[in-house]
Amino acid sequence: MISEECKKRSYPSLEHFKSLYYDRIFKIKRMYSLENWYSNVSFSTYYIKYTEDVLASGNVHSSDNIGDYITVVKTQDKNYININSYIGCENNGNITEANGIEVIVDKINMYMDYTYVTLKVKNNTGKTICIDSKQKLDTMYLQDTNGVTYTAFLNENAVEEFRVSRNMEITVEIKFNKMYNPSSREINKLVLGDIVLNYDEFSRGEEEKNSISMNVKI
């Protein structure tokens, strides 16, 4: 019943699912309540609360309660579910090119509390570049149509993941503090505000940093 994308990201095997999800919740007998949180033509998201089965245990003051967001994904042939607060994946494919750098927004994976963006970056500049030097924490962010920004968790990526040798391409996934809210403004761009064009020379201390900013369409 779990979608292929959810299994790929969190539960690549039945053993992973059992130990990381099923055994954690159903270690005791449970009751549940279900609340319809949001629905559209593609999916429906529900908040489910698992509580201890008081009829079985007699414990009316249990603190062992667990909540989760479960999303039913509607496809042409069958419905699947995403669990553990995973909402779903959008395949984007928008391409932005500037200064010899091509950036493709490949996928956007949405969770209740954050968002992951997968980028493909091709370097045609003739030098090694770095899409962010990580010297500051606010240089990479998503921005919605109302101008609100959502910064990247740059500490979760090593700087080597952002390094692109000349005539090479990388794929990197970056986490942002964008909570899922279907009623909020749409994200319309990703700002890469610290692309270092002379990364090898800069990292060796031979040259001052030569950096540019790039607005990537989403």
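Scroll up to find the structure.
Residues numbered from 1 in each chain as written. Predicted model: local features only at pLDDT ≥ 70, side-chain atom pairs only at ≥ 80, totals over all residues. Heavy atoms only, no water.

J.: So what's going on with the overall build of the protein chain? Residues and values would help.
T.: Secondary structure summary: the protein chain contains four helices and 14 strands in total. Here the C-alpha atoms of the protein chain give a radius of gyration of 21 Å, more than 25% beyond the 17 Å that 2.2 N^0.38 yields for 218 residues. Judged by the C-alpha coordinates and their principal axes, the protein chain covers about 70 × 35 × 30 Å. Taken over 218 residues, the protein chain has a buried fraction of 38%. By sequence separation, contacts in the protein chain at least 24 residues apart represent 55% of the contacts at least 6 residues apart. Just so you have it, the protein chain exposes about 12300 Å², and 46% of that area is on carbon and sulfur atoms. Positive and negative side-chain charges of the protein chain, numbering 26 and 30 respectively, have mean locations separated by a distance of 3 Å. (Helix = DSSP H or I, 4+ residues; strand = E, 2+ residues; numbered from the N terminus. Rg over C-alpha atoms; globule rule 2.2 N^0.38 Å. Buried < 20%, exposed > 50% of the residue type's maximum accessible area, 1.4 Å probe, protein only. Contact = heavy atoms within 4.5 Å. Areas by Shrake-Rupley, 256 points an atom, 1.4 Å probe, with all protein chains shown as cover. Lys, Arg positive; Asp, Glu negative; His and termini not counted. Charge placed at Lys NZ, Arg CZ, Asp CG, Glu CD.)

J.: Quick one: what's the story with the sheet that holds strand β2 (residues 43-52), residue by residue and with numbers?
T.: Strand order in this open sheet of four strands is β1-β2-β3-β4, and the pairing throughout is antiparallel. With one partner strand each, in any of the chains shown, β1 (30-39) and β4 (79-82) form the two edges of the open sheet. Averaged over all pairs of adjacent strands, the angle between strand axes in this sheet comes to 25 degrees, irrespective of strand direction. Bridging between β1 and β2 involves nine bridges; their strand directions are antiparallel. Within β2, the position partnered with Tyr38 by the bridge is Thr45. Contacts between helix α2 (residues 14-25) and the sheet are confined to β1, β2 and β3 (66-74), with β3 contributing the most and set at about 125 degrees to the helix. (Pairing = 2+ DSSP bridges. Axes fitted to C-alpha atoms, helices over the stretch in contact; angles between N-to-C directions.)

J.: Account for the sheet that holds strand β5 (residues 86-98), with residues named and values stated.
T.: Pairing within the open sheet is antiparallel, and its four strands lie in the order β5-β6-β7-β12. On the outer flanks of this sheet lie β5 and β12 (169-176), each paired with one strand and no other. Averaged over all pairs of adjacent strands, the angle between strand axes in this sheet comes to 15 degrees, irrespective of strand direction. Of the pairings in the sheet, the one linking strand β6 (residues 101-111) to strand β7 (residues 115-123) comprises nine bridges and is antiparallel in character. Counted as the bridge partner of Glu102 is Lys122 from β7.

J.: Go over the nonpolar core with me, naming the residues and quoting the values.
T.: Of all hydrophobic cores here, the largest spans 36 residues; its most connected members are Ile101, Leu119, Met140, Ile174 and Leu190. If you list the elements that add at least two residues to this core, you get β6, β7, β8 (129-130), β9 (140-144), β12, β13 (187-196) and β14 (211-217). When sequence neighbours within four positions are dropped, the list of residues in contact with Ile174 reads Thr115, Tyr116, Val117, Leu119, Ile131, Met140, Ala152, Asn157 and Phe162. Core analysis: the second largest hydrophobic core is formed by 14 residues, Tyr21, Ile48, Tyr86 and Tyr111 among them. (Core = buried A, V, L, I, M, F, W, Y, C linked by side-chain atoms within 4.5 Å.)

J.: Provide a residue-level description of the pairing of β3, including the pertinent values.
T.: Pairing analysis gives eight bridges linking β2 to β3, with the strands arranged antiparallel. Looking across to β3, one finds that Ser44 is bridged to Val72. Where β3 lies against β4, four bridges are found, and the strand directions are antiparallel. Looking across to β4, one finds that Val72 is bridged to Ile81. Where β3 folds back onto β4 in an antiparallel hairpin, the turn is made up of four residues.

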